[in-house]
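# Structural description and commentary
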Amino acid sequence: MCYLPTQRILNTRSLLFHVFLLLELAGNCDAQIRETTLGVIHTIPTPGPFSEVRQFPRSADSSIVLVLWNERSQEIDIVRPDSSFATSSVERHFLRIPFDDVLLADVNHDKKTDLLVLSKTERTISVIVDIGSDTLDAVSTLKLPSVPSGWKLGDINNDGIPDLLVYDRNNPGILPLFGKGTGKFVEGKVIAPELPVGGIALTHLNNDNLIDIVAYDWVKSELHLLYGVGRGRFLDQSTFQIRGEVAEIMPARLDPASPLSLVLVTAHPSELQDWQGDGIGDFRLAGQTALTDPPASWALGDVNGDQWTDFAYVGSTSSLQIVMNNGDEWSQDRVQFWAGKDPVAVLLQDFNHDGRIDALVLDRGGKSLRFYFNGSQDNTLTDSLDFAVGTQPAGVVIQRLGIGTGNDLAVVNSQDQSLSLFTNRGKGGLLGPTSYSLSINPQFLTTHSVTDSSARFILTSVAGDSLLLFSVNFKDSSSSYAVIPSEGFTQVVQTGLNALDQVEFFTFNTFTGEQSPAIHYYERLNPGTFIEQSFRLSRPDELLGAGAAFVNADRFPDLIYVYRNADSGTVDMAVSYGDSLMSFSLRHSTIGLHQSNSAPSLLWAGSFNAEDTNDVLIYSGGNSNILELSRGKGNGQFGEPLVLLHN
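Here the structure is a predicted model, which is why all the values come from computation and not from measurement.

It is worth spelling out the pairing of strand β17 (residues 212-217) at this point. Looking down a regular strand, the side chains alternate between one sheet face and the other. Most of β17 is tucked away: six of the six residues are buried. The alternating pattern of β17 places Asp212, Val214 and Tyr216 and Ile213, Ala215 and Asp217 on opposite faces, both of which are buried. Pairing of β17 with strand β18 (residues 222-230), which is carried by five bridges, proceeds in the antiparallel orientation. What sits directly across from Val214, in β18, is Leu225. What sits between β17 and β18 in their antiparallel hairpin is a turn of four residues, with Ser221 showing a positive phi close to 55°.

As structure tokens, this is what we get:
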């Protein structure tokens, strides 16, 4: 075996300058990504797989009641979660005809919520006011002239009684159904009879207290503003061109001080569009954000408590995604949470009456309701709790990070490239997570160093081409990072600060493509410059594991590594001694191990007895599955390994 020490200077000054420039120009956007959103998760099983959910209207102190169903089914479940969101009571009811959609409203003024059931196959709308029976009978059923594409509920004639608007993409116009206050509806005159309607929304476009309609012309790809003039009549007074096929129109004030906006969810392309109003009926496209995962269900709400309305959605991937509103535009970064096997619907509400927006995801594949409660409050660890993190968590660190009174929690998430931090407030429990976006697709997470107000982390990338030194300042929630080129499948084995209080750490890689396996030492000379020194094995030797520790009395870190010797065919542990130049070339010793295969090895250096001498514990998996301990002698030498476990 031979080694080839090499050295190179890695200058990342231009990269860091670019990063700091981005933080300065788009600091508000980054602050949004660092906001706390959703924390503790409670999962309640459902009686079966469901594709649709609606929530009963409720007062500020009433309990949650949900309606679950599937399209073209004749069964409907009414679910009441308990106050702890651990279990629920379920009532199953049957309808006499298959139905597709349900709306909830008090249509007969008895202060009870009634069911309005739409059947596309029967072309009917049925009204059910008594939901106490096993079989639900309608008090009225209205036959529709065509198969409806959609419907909306609202008081369009300003008489205090809910009305319905029904539209069909294949037949122009909007059909009004006026409520009589008894559970019955009567047809009115078709609104905009020449307009091919692909979607509608009800809102107040001006200050006359009359309901107005925003209608989507799917043929010309236009939005039409139909202003209410009283008694259920409307005038088409404004039209503007849009891009994409509109899936839904959501009128909303995106912050308390702004006029009404029209938020559009579109397909082809899949986008979130913000059409900002001027308060007098005119709208302009203020921003658009690509949705890489086409949404299947969505909702608006202030998830992070900054008074700006955010956008939550689920799509084809098993994730709940939050698009943060930073006040100027929708953020291009996403806060993502795993949402079960097959998430099909999402609701945003304050489910636990704490004044903060929570999320509910219906997981059809997992047959469950997943409640995501807001993470901006402590959650006492009196029992096991599930916390929301990003999608595909790849690493976790549990230690005090300088932000609380106990051990904190850091989780790195591979798919959405984020770092989730949970603050331990002692008896108060965990607060968070606070999410930070990362510039690489991370694979492993290691804490480098911690102060009273900051923490440094080292992350490796899935691609194997870079390392990330990521620093968080908890006083002002700021962060900075440096991307360091690397090679091969990299693992971090030792971190710390040198005598000059400069960042240093060791890594090793078992596969590097054309180059031989190596152990690397990195030292940061200044914020933008790192020095790297590599200790390489000659091929065809295989590097199986590595570590760094003080094994003699010279106060310089030394290298300990396990490798397969190609000449002898044995697996050995070797030690190379460090010096002031970090060349690791003074001398080395080799000890044969009992493991016989080339499985990756894990190394721990520390004192495993009462003596102040570092020993080495080595674990090898694979067919060997062997744990060995080699006692240190204090002079850089080690004794023959003792087998502690072998099966």
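What follows is about the sheet that holds strand β23 (residues 283-290). Strands sit in the order β20-β21-β22-β23 across an open sheet of four strands; the sheet is antiparallel. Strand pairing shows two members of the sheet lacking a second neighbour, β20 (245-252) and β23, which therefore form its edges. Neighbour to neighbour, the strand axes of the sheet diverge by 20° on average, direction disregarded. For β20 and strand β21 (residues 261-267), the ladder comprises seven bridges, and the chain directions are antiparallel. Residue pairing in the sheet places Ile249 in a bridge with Leu264 of β21.

Attention now goes to the sheet that holds strand β34 (residues 418-424). On the basis of which strands lie adjacent, the open sheet formed by four strands has the order β32-β33-β34-β35 and antiparallel pairing. Two strands close off the open sheet at either side, each with one partner strand: β32 (393-399) and β35 (430-437). For this sheet the average axis-to-axis angle between neighbouring strands, irrespective of direction, equals 15°. Sheet topology note: the strand β33 (residues 408-413)/β34 ladder contains five bridges and is antiparallel. Bridging across to β34, Val412 finds its partner in Leu419.

A separate point is the packing of aromatic side chains. Under the counting rule described, the total for this entry stands at 14 aromatic pairs. A centroid spacing of 6.0 Å and a plane angle of 75° characterise the contact between Tyr436 and Phe470, whose relative ring orientation is edge-to-face. Within this pair, whereas Tyr436 is found in strand β35, its partner Phe470 is found in strand β38 (residues 466-473), the two being separated by 34 residues in sequence. The burial state of Tyr436 is the same as that of Phe470; both residues are buried.

Take the pairing of strand β27 (residues 330-338) next. Here six bridges tie strand β26 (residues 319-325) to β27, and the two strands are oriented antiparallel to one another. In the strand pairing of β27, Val323 is matched with Arg334.

What follows concerns the nonpolar core. If you look at the biggest cluster of nonpolar residues, it comprises 18 residues, and the most contacted ones within it are Leu38, Leu320, Ile322, Phe337, Val361 and Tyr372. For this core, the secondary-structure elements that each account for two or more residues are β2 (38-45), β25 (310-315), β26, β27, β28 (343-349) and β29 (358-363). Take this core: its biggest share by element is three residues, from β26. Setting aside chain neighbours within four positions, we find Val361 in contact with Val314, Leu320, Ala339, Pro343, Ala345, Val346, Ser368, Leu369, Arg370 and Tyr372.

Within the secondary structure layout, Asn625 lies in the loop between β49 (615-620) and β50 (626-630). Classification of Asn625 as partly exposed rests on a relative accessible area of 21%. With 448 residues separating them in the primary sequence, Asn625 and Leu177 have C-alpha atoms 73 Å apart. Other than its neighbours up to four places away in sequence, Asn625 contacts Tyr619, Ser620, Leu645, His646 and Asn647.

This part is about unusual backbone geometry. In this structure, the amide linkage connecting His268 to the following residue, Pro269, adopts the cis form with an omega of 10°. Tracing the chain through its elements places Pro269 in the loop between β21 and β22 (271-277). Of the consecutive residues Gly432 and Pro433, the connecting peptide bond is found in the cis state with omega at 15°. Mapped onto the fold, Pro433 is located in strand β35. The backbone of Gln392 sits at a positive phi, close to 55°, despite the residue not being glycine. Within the secondary structure, Gln392 sits in the loop between β31 (386-387) and β32.

Let us look at the environment of Gly179. Relative to the assigned elements, Gly179 resides in strand β14 (residues 171-179). A sequence separation of 62 residues divides Gly179 from Val117, and the C-alpha atoms of the two residues are 15 Å apart. Non-local contacts of Gly179, meaning those with residues more than four positions away in its chain, are made with Asp159, Ile161, Pro162, Asp163, Lys184 and Phe185.

Rules used throughout
Residues numbered from 1 in each chain as written. Predicted model: local features only at pLDDT ≥ 70, side-chain atom pairs only at ≥ 80, totals over all residues. Heavy atoms only, no water. Buried < 20%, exposed > 50% of the residue type's maximum accessible area, 1.4 Å probe, protein only. Helix = DSSP H or I, 4+ residues; strand = E, 2+ residues; numbered from the N terminus. Pairing = 2+ DSSP bridges. Axes fitted to C-alpha atoms, helices over the stretch in contact; angles between N-to-C directions. Phe/Tyr/Trp six-rings, centres within 6.5 Å; stacked < 30°, edge-to-face > 60°. Core = buried A, V, L, I, M, F, W, Y, C linked by side-chain atoms within 4.5 Å. Contact = heavy atoms within 4.5 Å.

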